[in-house]
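Chains, contacts and geometry: an overview
Residue-level listing of the chains:
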2 protein chains.
Amino acid sequence: MNEEEENLVDPSHPRYKSLMIRKKVADAGVKGMLADSAMIAHGRGEAFDYLIGEQTTPSAYEATKEAAARLVRARKPVLSLNGNAIALAGQDFLTIASQLDCPIEINIFYRTPERMGALLGHLKMLNTKLGLDVEILGGVPDARIPGLEGPRGACQSNGIFESDTILVPLEDGDRCEALIAMGKEVIVIDLNPLSRSSRKGTVAIIDEVTRVAKNLIQMIPQRPAVSEWNNNQALQSALNSISANIENQFQ
Amino acid sequence: MNEEEENLVDPSHPRYKSLMIRKKVADAGVKGMLADSAMIAHGRGEAFDYLIGEQTTPSAYEATKEAAARLVRARKPVLSLNGNAIALAGQDFLTIASQLDCPIEINIFYRTPERMGALLGHLKMLNTKLGLDVEILGGVPDARIPGLEGPRGACQSNGIFESDTILVPLEDGDRCEALIAMGKEVIVIDLNPLSRSSRKGTVAIIDEVTRVAKNLIQMIPQRPAVSEWNNNQALQSALNSISANIENQFQ
């Protein structure tokens, strides 16, 4: 969003919140934190959020509680963040990592030294600003996720590689599957209930990442109990919310 | 899409066509043809196209035929193209303008001289390449669309201003309403059946712009007859396609 566009966003606009979220992504793009495809990915998310009603559905709320329960129970949790997740909710994820006393690992699909540097710098700046000392990994990969070629498979042994439970907001389908194949509990945040990540994740939260992060911050201190979780049921529930929102609109 | 990303697109990928369409938008961005928000808009479209099934539905096909009929019948038709429409289907829209013997007017939401210059240059290059002499307007606005402030309302008297029927792929809702208020027949191409443009248009085609352009090129020479058109029914039909695609996915 350039200055001209930014000035057009009026707080009285019915979609002001969505436009302000979009602005965060655009700003991060200017700072070199994002791959070219990040804006397109964000637009896809916007469309699904619009269909879901731009609010946390009851089933997404339950999924988030289940995610909080599993992160609290984990022996070695880790938050795996990409550029969009850091741009949208970097500060909240630092708070969550601090609550869980776990590291954050930056894990980006299109890894370049510049982008990795920009993301590391941004999180370290927020860490200082919040007075936290969350460990930020990803800069010096020394292990590999089996089954992923090239830089996409790079990770750190004391982060993603050895974790038992991993939170992956906005994750690529291939990598989600590879993490599941490693035997980890994979908690996905994704707005597309039909994506491979949503389908393959242990618990998929179909909700917008900034809303999820705020909810997790409220839920983690309550240390909810883990339940039997039916991921498919939760995904169908998200699809049903969309169906309910679009039926009989014009008749 | 940078070189690295481009190399990851394999023709055997199940979504190869969609990825190649995306590449056209990314390339146009690099050439300065697009506003920052263009990639996000494209992503939103991708999500809706995915839900629709990435193919022309029967009701979209009927809407396209109705659009062809009304463009053929028009006394003074015009194609109003923005950056995304030119990036995705500039060549096909030149062919359509030539079939209809009408001008193209470039009309972009975030007008800057640089972006306008890049789009004019691109269309003129394609005009020459195709051996056509379609009139390309938009560079020297001398009239205004009533009700639109600033550069968004600028248009040309011998193009949009005096037209009776206007094709607007991927149009902003405000501008669509303003064109309707001028008494024009407005033919919308949009992947979101719930957008203001889709709701307000005379005929809304809920389909991906490159597929629509190809269909129009086939249909226009057949000079189909205009019918009574129920736009709301067509929009509900598009929503019903989405519902059908997402019901009982996980049960």
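Heads up: the structure comes first, above all this text.
The following refers to the structure shown. (Residues numbered from 1 in each chain as written. Chains lettered and ligands numbered in written order. Predicted model: local features only at pLDDT ≥ 70, side-chain atom pairs only at ≥ 80, totals over all residues. Heavy atoms only, no water.)

1. A short note on the interface of chain A and chain B
- Contacts between the two partners involve 41 residues from chain A, matched on the other side by 41 residues from chain B.
- Buried surface at the junction of chain A and chain B, both sides included, amounts to about 3700 Å², of which 63% is carbon and sulfur.
- On the surface where chain A and chain B come into contact, there are two salt bridges.
- Put simply, A:Glu46 and B:Arg44 hold a salt bridge, and the shortest N to O gap is 3.0 Å.
- Counting across the chain A and chain B interface gives twelve residue pairs in polar contact (both at pLDDT 80 or more).
- Looking at the side of chain A that touches chain B, the elements with two or more residues in it are helix H1 (3–7), helix H3 (37–52) and helix H11 (231–246) of chain A.
- For the side of chain A that touches chain B, the residue count by class is 18 nonpolar, 13 polar and ten charged. (Contact = heavy atoms within 4.5 Å. Buried area = accessible area lost by both parts, 1.4 Å probe. Salt bridge = Lys/Arg side-chain N within 4 Å of Asp/Glu carboxyl O. Polar contact = N/O pair within 3.5 Å; in protein donor to acceptor, adjacent residues only side chain to side chain. Helix = DSSP H or I, 4+ residues; strand = E, 2+ residues; numbered from the N terminus. Nonpolar A, V, L, I, M, F, W, Y, C, P; charged D, E, K, R; others polar.)

2. Focus on helix H10 (residues 209–219) of chain A
- With nine of eleven residues buried, H10(A) lies mostly within the body of the structure.
- All buried positions along H10(A) are accounted for by A:Val209, A:Thr210, A:Arg211, A:Val212, A:Ala213, A:Asn215, A:Leu216, A:Ile217 and A:Met219. (Buried < 20%, exposed > 50% of the residue type's maximum accessible area, 1.4 Å probe, protein only.)

3. Here we look at the relation of the copies chain A and chain B
- Relative to chain B, chain A is turned by 180° and slid 0.0 Å along the rotation axis, the superposed coordinates differing by an RMSD of 0.0 Å. In symmetry terms, the pair is related by a two-fold rotation axis.
- Here 100% of the contact residues of chain A are again contact residues in chain B; the copies associate through an equivalent surface. (Least-squares fit on C-alpha atoms with pLDDT ≥ 70 in both.)

4. Regarding the sheet that holds strand S2 (residues 104–106) of chain A
Residue and element names in this part refer to chain A.
- Here six strands make up an open sheet; going across it, the order is S3-S2-S1-S6-S7-S8 and the pairing parallel. Looking along the sheet, the strands with just one partner apiece sit at the ends: strand S3 (136–137) and strand S8 (203–205).
- Sheet topology note: the strand S7 (residues 185–189)/S8 ladder contains three bridges and is parallel. Across the sheet, Ile 189 pairs through a bridge with Ile 205, a residue of S8. (Pairing = 2+ DSSP bridges.)

5. Some points on the packing of H11(A) against helix H11 (residues 231–246) of chain B
- Where H11(A) contacts H11(B), the two axes come as close as 10 Å, and the packing angle between them is 165°. Accordingly, the angle class assigned to the pair H11(A) and H11(B) is roughly antiparallel. Considering the relative orientation of H11(A) and H11(B), their crossing is left-handed. Residues A:Gln236, A:Leu239, A:Ile242, A:Ser243 and A:Ile246 of H11(A) touch H11(B), and the partners they reach there are B:Gln236, B:Leu239, B:Ile242, B:Ser243 and B:Ile246. (Axes fitted to C-alpha atoms, helices over the stretch in contact; angles between N-to-C directions. Parallel < 35°, antiparallel > 145°, perpendicular 65-115°, else oblique. Left-handed = near helix turned anticlockwise from the far one by under 90°.)

6. So, the pattern of salt bridges
- This model, assessed by the stated rule, comprises 30 salt bridges over all chains.
- One salt bridge connects B:Arg175 with B:Glu171, and the closest N-O pair in it is separated by 3.3 Å. Of the two residues examined, B:Arg175 and B:Glu171, each falls in the buried class.
- Among the ionic contacts, a cluster of salt bridges with common partners joins A:Arg152, A:Asp172, A:Asp174, A:Glu177 and A:Arg196.

7. Considerations on the environment of B:Ala69
Residues and elements named next belong to chain B.
- Mapped onto the secondary structure, Ala 69 falls in helix H4 (residues 58–73).
- On the basis of relative accessible area, Ala 69 is assigned to the buried category, the value being 2%.
- Along the chain, Ala 69 and Ala 85 lie 16 residues apart, while their C-alpha atoms are 21 Å from each other.
- Apart from the residues lying within four places of it in its own chain, the contact partners of Ala 69 are Pro 224, Ala 225 and Val 226.

8. Notes on the pairing of strand S6 (residues 165–169) of chain B
Residue and element names in this part refer to chain B.
- Counting buried positions along S6 gives five out of five residues, so the element sits mostly inside the fold.
- Here S6 shows no split at all, with Thr 165, Leu 167 and Pro 169 on one side and Ile 166 and Val 168 on the other all buried.
- As paired strands, strand S1 (residues 77–81) and S6 are joined by three bridges and run parallel to one another. For Pro 77, the partnering residue across the bridge sits in S6 and is Thr 165.

9. Some words on helix H5 (residues 83–100) of chain A
Residues and elements named next belong to chain A.
- The first and last C-alpha atoms of H5 sit only 21 Å apart over 18 residues, clearly below the 26 Å expected at 1.5 Å per residue.
- Of all the bends in H5, the largest measures some 90° and sits at Ala 89.
- Its side-chain oxygen at 3.3 Å from the backbone nitrogen of Asn 84, Asn 82 defines the N-terminal cap of H5. (Expected span 1.5 Å × (residues − 1). Bend = angle between axes of the 7 residues up to and from the residue.)

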